[in-house]
Amino acid sequence: MWLKPEEILLKNALKLWVAEKGNEYFVLQRRRGYGEGGGGLTGLLVGTLDTMMDSTSKVAPFRILHQTPDSQIYWSIACGGTKEEINQHWEWLEKNIMRTLSVFDSSDDITSFVQGKIRGLIAEEGKVSGVQEDDPEKFREALLRFEKWFDLPQKEKLVTYYSCSYWRGRVPCQGWLYLSTNFLSFYSYLLGSEVKLVVSWNEIWRLEKTSNVILTESIHVLANGEDHYFSMFLHLSETFLIMEQLADYSIKRLFDKETFQEEPSLSDPLQITKRGLETNARNEQFRAFFRLPKEENLLEVYESFLWVPFSHFNTLGKICLSESYLCFASQDGSQCHVIIPMREVIGVEKPDRSSRALTVCVRGKRALRFSEVRDFERLGNAIRRRCGMTASPQHSDNPEEVAMMVGQKESSKTVSNEALMTVFHPQDAENLDPKMLKEKMKEQSWNIHFSEYGRGTSMFCTKKTRDLIVRGVPEALRGELWMLFSGAVNDMAANPGYYSEIVDKSLGTSTLATDEIERDLHRSLPEHPAFQSDTGISALRRVLTAYAYRNPKIGYCQAMNILTSVLLLYAKEEEAFWLLVAVCERMLPDYFNRRIIGALVDQAVFEELIRMHLTQLTEHMTDLTFFSSVSLSWFLTLFISVLPIESAVNVVDCFFYDGIKAILQLGLAVLDYNMEGLISSHDDAEAVTILSKFFDNVTNKDSPLPQTVQQNSVGNNDKASSLSKVDISDLIKEAYEKYGDMKSEEVERMRKRNKLYVIQTLEDTTKQNVLRVVSQEVKFSVPQLDNLYALFKRQHFLSCYWTMNSPVLLHHDPSLAYLEQYQLGFHQFRVLFSLLEPWSLCSGNDALFLWAFRLLDENQDGLVNFKEFCCQNVLYSYCMTSFDLYECTLHYVVSDLPEDGVIRKSPERGKGKVDLQAYLKQWQDEILKKEESIKDLPRINQAQFIQFSKTLYNLFHGDPEEESLYRAVARVTSLLLRMEEVGRRLQEPTSPTQAAPEGALLNREACSTPERSSDTPCATITLEAGSILQEVEWSFAFEQILASLLNEPVLVRFFERPVDIQARLDHAKGAQLKAKTNK
């Protein structure tokens, strides 16, 4: 490898380097302790020094120095891991450089020329390798060490590396941590003791920062049941962030089969960089904090002061600029933040150079003044370029005008333009009921807030805003504020007419999702008048069907109907659709899918918070899984399914403002309120009863809804009514007072920390289900089947590691049963099959793998699942009969193979042909009954028999009894053809042409001599086939082939030789990655 020229003082290097060859301008050196005469104490000391000092010499013990006769300074210009590699560089220098150097007069000119040439070579290599790092020279050296030490596939992309200590017990091993796209790797070398660790990201169960008595802070990794701890003096937080990003990327790409076309830095696993991962993490945090659409990316950040008119002072914070939004957040993020869509900006005033300030004018006669902006002119120009788009609806001062402006170009005639609550419960302005008066007071408080802090998308969000939310949102403003705080108003404004269009496309479609939607329509708030009429049911159907059409990955999931029903009560139909989008795709990610991973993750977070805040409860109930089962509906429906509707909407208010943090806080408050009862409960059933009675007694004393709508009296029996009532506002206020110091950033960290564990737990459950099904049909022991499943799953992942276009990814269907989740295409099957089969097959024997693949692929979709793969356990049966039948069955498919050998997905393929799987199953049943023959198996024709013989010859290659086995097969084929000839002579008149097969077979047996090469049998049989096919049509029964083979003891010994299955599995585990590499 060519190196950027660096000065080296030769007198300091002589002790560690030995000159191998040299000339007037260059010297080739070898590191002491390597190569000839290496090893011993010198090798140990030098190797340890190289590892500790991050020396390239550890993996590149050869180097070339440039020198000039009249200079004491040497320049390193190349290094090499092997003598052959460094000699190539040496020869290139002699051929291309040496002659040119003689024309220069001064040594300075010579040195400058050599350095220029070397830098040019490095630049060319950089274009080819695509290295995009801050220090490409250091990164290239690290990449060389990474490839040398771990021997991973060449496609594996190194992302970054760090110096760290790996703790084995209480002893640290100083070395280097390498983070690549699919693996976490560590290497250390100390006084002859080498430590090497390679862990796949998809094998990690836990990834977290920890601290203990010995280590103030370290990174804990739990993988394959083993704990690994890494510590470092510098960059620990940076390292952890990259590890977290890579683990999350692996989970999404390998388990969820997600693609990343919208994230260019992640779209190709071969091009992932540290910079790309850091950028992606920043973008995700930016979008989550400000609730922006997923298309928005953080482009620029400026530190500045913002003049806050309602407080009359400047607050320090950061300006965050994206493609379509200008956002500001104060330093701690809680004091105030504001979001300004570029479509709302009408101009940027001329900046004030003295205070480095600029003023952004927004619709609604408002302006925001930013001061002390370091690059204020650049910011002003960036805003001017992006503003000038159409106005946002939300905020014009006229609510009626607002309703006309948002989202829709032209509403579909079928879409409702009114919230269901306004239709079924219109407010009476003249009603002087105390509850209505309190409702009017709430509205007045919010109007005062709007006048001070602004209204709509550019409203300041402060602690006062949260206080108003906690006290309860007025019925008339609920839909507007839900849209604002969730960010759904921005999605709607960015996609005018989208909902009407998607409704027209989705209505009338018939899918599994639409069937489930129809089934659940009348189960959605059935006691509410709005959903006892066709108006509410039709709106609910349209919203759910439109979303299932928009996002088929989620489609429809139970609990979506309950949530959408509440959204439709307070928001217009199109607004309810975009609120559902915000909830499912941003605020509650992975909640509404087949495995509800998001809900399970938040339950794990909830358990962790219970241990932190409710220690008295955890001391009494050590097993907190009970709370996970009870709280699942709390998270999936935001308490709507357990609280009366008039109380549940207050919880939804807080959720749209604070996200999942509000639900976690309320859950803790509920358990805290019922602490005494839960501690005194004797079993889970009693605890469930306590919580149910509590929820039945939660009321909303300020709700203006009539009794026909309220649910607080429903389900209350005499015992329940005797309990004290709990007002929802008081409960929410208590939750914020006791647990409001919980930060959203910490909740997100806990989510990420628990996501790995939840997914791996689900994967382990899936494995147990698969093994339970498959174990009934195979002969492997449970540990062997477990190891085989691990190999199969890893091979599946290997097909996805370095590409986003593998057949497994393209044909992935998340709705399939757990048995179908992991499948192998033909190329992956071939690699794993070759690692597990008990014989050394000849090279170029892909035909056998292809036939085996076709046989095991029961549904002929071009993919093999684990159950189908395990059918090949016949290879380990130690039974001549079983192998013979398996081989014969394989060769029945020869005539059905495509000419190019490519497996294609076709549901029509195989119709009307022999059911080979049925014969294998019939054989298995008859073996168990100890029956000795199978009468109905089809006869094998001449082409199939010839290929069968070729396969047998390939199996014997490399066996100690290879020649005896060849001769035995020759005798078997001769005997079979003679038997066929005799049978034909008894049935037909003698013909001169019928003597040909016997003569051909005699020649075949004669050519089976020790001198023949391994490929001669195949060629000979092919020649026979040509002559025999032209003369006689012949075939054999399975019983004939079996009987003939059983007559040869050497063949019987070969096929009944015991196979150490565990040894084959261990071999496959160690060679799986290399097999992929050498493919």
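Note: the structure precedes this text.
What you see is a predicted model; the values in this text were computed from it and never measured. (Residues numbered from 1 in each chain as written. Predicted model: local features only at pLDDT ≥ 70, side-chain atom pairs only at ≥ 80, totals over all residues. Heavy atoms only, no water.)

Caption draft 1: Inspection of the overall build of the protein chain at higher detail. When you go through the protein chain residue by residue, the secondary structure sums to 44 helices and 26 strands. Summarising the internal contacts of the protein chain: among those between residues at least 6 apart in sequence, 68% fall at separations of at least 24. Of the accessible surface of the protein chain, which amounts to about 48800 Å², a share of 51% is contributed by carbon and sulfur atoms. (Helix = DSSP H or I, 4+ residues; strand = E, 2+ residues; numbered from the N terminus. Contact = heavy atoms within 4.5 Å. Areas by Shrake-Rupley, 256 points an atom, 1.4 Å probe, with all protein chains shown as cover.)

Caption draft 2: Quick look at the pairing of strand β14 (residues 313-321). Both strand β13 (residues 300-308) and β14 contribute to a ladder of nine bridges, which runs antiparallel. In the sheet register, Leu306 faces β14, and the bridge partner there is Thr315. Counted between consecutive antiparallel strands, the loop separating β13 from β14 contains four residues, among which His312 sits at a positive phi close to 60 degrees. Bridge analysis of β14 against strand β15 (residues 325-330) gives five bridges, and the strand direction is antiparallel. Along β15, the bridge assignment pairs Leu321 with Leu326. (Pairing = 2+ DSSP bridges.)

Caption draft 3: View of the layout of surface pockets. Space inside the second largest pocket adds up to approximately 1100 Å³. Along the walls of the second largest pocket sit 36 residues, with Glu203, Asn224, Ala790, Arg794 and Lys1069 positioned nearest its centre. Taken together, the elements giving at least two residues each to the lining of the second largest pocket come down to β9 (193-200), β12 (226-231), α30 (744-774), α31 (782-801) and α44 (1061-1077). The greatest single-element share of the lining of the second largest pocket, amounting to eight residues, is contributed by α31. (1 Å grid on protein atoms, 1.4 Å probe; cavity = no way out; pocket = protein on both sides within 12 Å on 5 of 7 lines; lining within 4 Å. Points joined across faces, edges and corners; volume = space filled by probe spheres on them.)

Caption draft 4: The arrangement of helix α33 (residues 826-836) in detail. For α33, a buried count of nine out of eleven residues is recorded, marking the element as mostly surrounded by other parts of the structure. Taken as a whole, α33 has its buried residues at Phe826, Gln828, Phe829, Arg830, Val831, Leu832, Phe833, Leu835 and Leu836. (Buried < 20%, exposed > 50% of the residue type's maximum accessible area, 1.4 Å probe, protein only.)

Caption draft 5: Structural detail: empty space enclosed by the protein. Tallied over the full model, the rule gives eleven cavities of 30 Å³ or more. In this model, the largest cavity occupies a volume close to 110 Å³. Around the largest cavity sit Leu207, Glu244, Gln245, Ala247, Asp248, Ile251, Glu284, Lys752, Lys755 and Leu756, which together line it. Elements with a contribution of two residues or more to the lining of the largest cavity: α7 (236-255) and α30. Class assignment for the residues of the lining of the largest cavity results in four nonpolar, one polar and five charged. (Nonpolar A, V, L, I, M, F, W, Y, C, P; charged D, E, K, R; others polar.)

Caption draft 6: Molecular detail of the pattern of salt bridges. Within the structure shown, the criterion is met by 39 salt bridges. One salt bridge connects Glu284 with Lys252, and the closest N-O pair in it is separated by 3.7 Å. In this pair, Glu284 sits in helix α8 (residues 274-290) while Lys252 sits in helix α7, placing the two residues 32 residues apart along the sequence. With relative accessibility at 24%, the residue Glu284 sits in the partly exposed group. A salt bridge links Arg356 to Glu372; its shortest N-O distance comes to 2.9 Å. Here the residue Arg356 occupies a position in the loop between β17 (345-348) and β18 (358-362), and Glu372 occupies one in the loop between β19 (366-371) and α9 (376-386), the gap between them amounting to 16 residues. Exposure remark for Arg356: the relative accessible area of 33% places this residue in the partly exposed category. For Glu372, a relative accessible area of 35% translates into the label partly exposed. The network of salt bridges with common partners includes Asp248, Lys252, Glu284, Asp590 and Lys755. (Salt bridge = Lys/Arg side-chain N within 4 Å of Asp/Glu carboxyl O.)

Caption draft 7: Looking closely at the sheet that holds strand β11 (residues 218-223). Strand order in the open sheet made by the seven strands is β9-β8-β7-β6-β12-β11-β10, with antiparallel pairing throughout. Sheet topology places β9 and β10 (204-210) at the edges, where each strand pairs with a single neighbour. Each adjacent strand pair in this sheet contributes to an overall mean axis angle of 30 degrees, direction not counted. Strand contacts of α7: β6 (158-168), β7 (171-180), β8 (183-190), β10 and β11, with the helix running at about 160 degrees to β10, the strand carrying the most contacts. (Axes fitted to C-alpha atoms, helices over the stretch in contact; angles between N-to-C directions.)

Caption draft 8: Expanded view of the side chain of Asn650. Looking at the element boundaries, Asn650 is found in helix α24 (residues 645-658). Judged by relative accessible area, which is 3%, Asn650 ranks as buried. Leave out the neighbours within four places in its chain, and Asn650 touches Gly472, Arg478, Asn700, Ile728, Ser729 and Ile732.

Caption draft 9: Local environment of the packing of helix α12 (residues 434-453) against helix α13 (residues 463-471). As a packed pair, α12 and α13 sit with axes 11 Å apart at the nearest point and diverge in direction by 165 degrees. If you check the angle between α12 and α13, you find them roughly antiparallel. Judged by the twist between their axes, the crossing of α12 over α13 is left-handed. Touching Lys442, Ser445, Trp446, His449, Glu452 and Tyr453 of α12 are Lys464, Thr465, Leu468, Ile469 and Arg471, all from α13. Residues belonging to the contact of α12 with α13 are distributed by class as follows: four nonpolar, three polar and four charged. (Parallel < 35°, antiparallel > 145°, perpendicular 65-115°, else oblique. Left-handed = near helix turned anticlockwise from the far one by under 90°.)

Caption draft 10: Representation of helix α42 (residues 1038-1046) in the model. Every buried residue of α42 is listed here: Phe1038, Ile1041, Leu1042, Ser1044 and Leu1045. Along the long axis of α42, the arc covered by the buried residues comes to 165 degrees, so they all point the same way. (Arc of directions from axis to C-beta.)

Caption draft 11: Spotlight on the packing of aromatic side chains. This model, assessed by the stated rule, comprises 49 aromatic pairs. Note on Phe183 and Tyr801: the rings are 5.6 Å apart at their centroids and 80 degrees apart in plane angle, and the pair reads as edge-to-face. Of the two residues, Phe183 sits in strand β8 while Tyr801 sits in helix α31, which places them 618 residues apart along the sequence. For the pair Phe183 and Tyr801, a shared accessibility class is recorded, and that class is buried. (Phe/Tyr/Trp six-rings, centres within 6.5 Å; stacked < 30°, edge-to-face > 60°.)

Caption draft 12: Spatial organisation of the state of the cysteines. Counted under the stated rule, the structure contains zero disulfides. Residue Cys327 stays outside any disulfide, its sulfur separated by 6.5 Å from that of Cys320, the closest cysteine. In this structure Cys327 comes out as buried when scored by relative accessible area, which is 1%. (Disulfide = S-S within 2.5 Å.)

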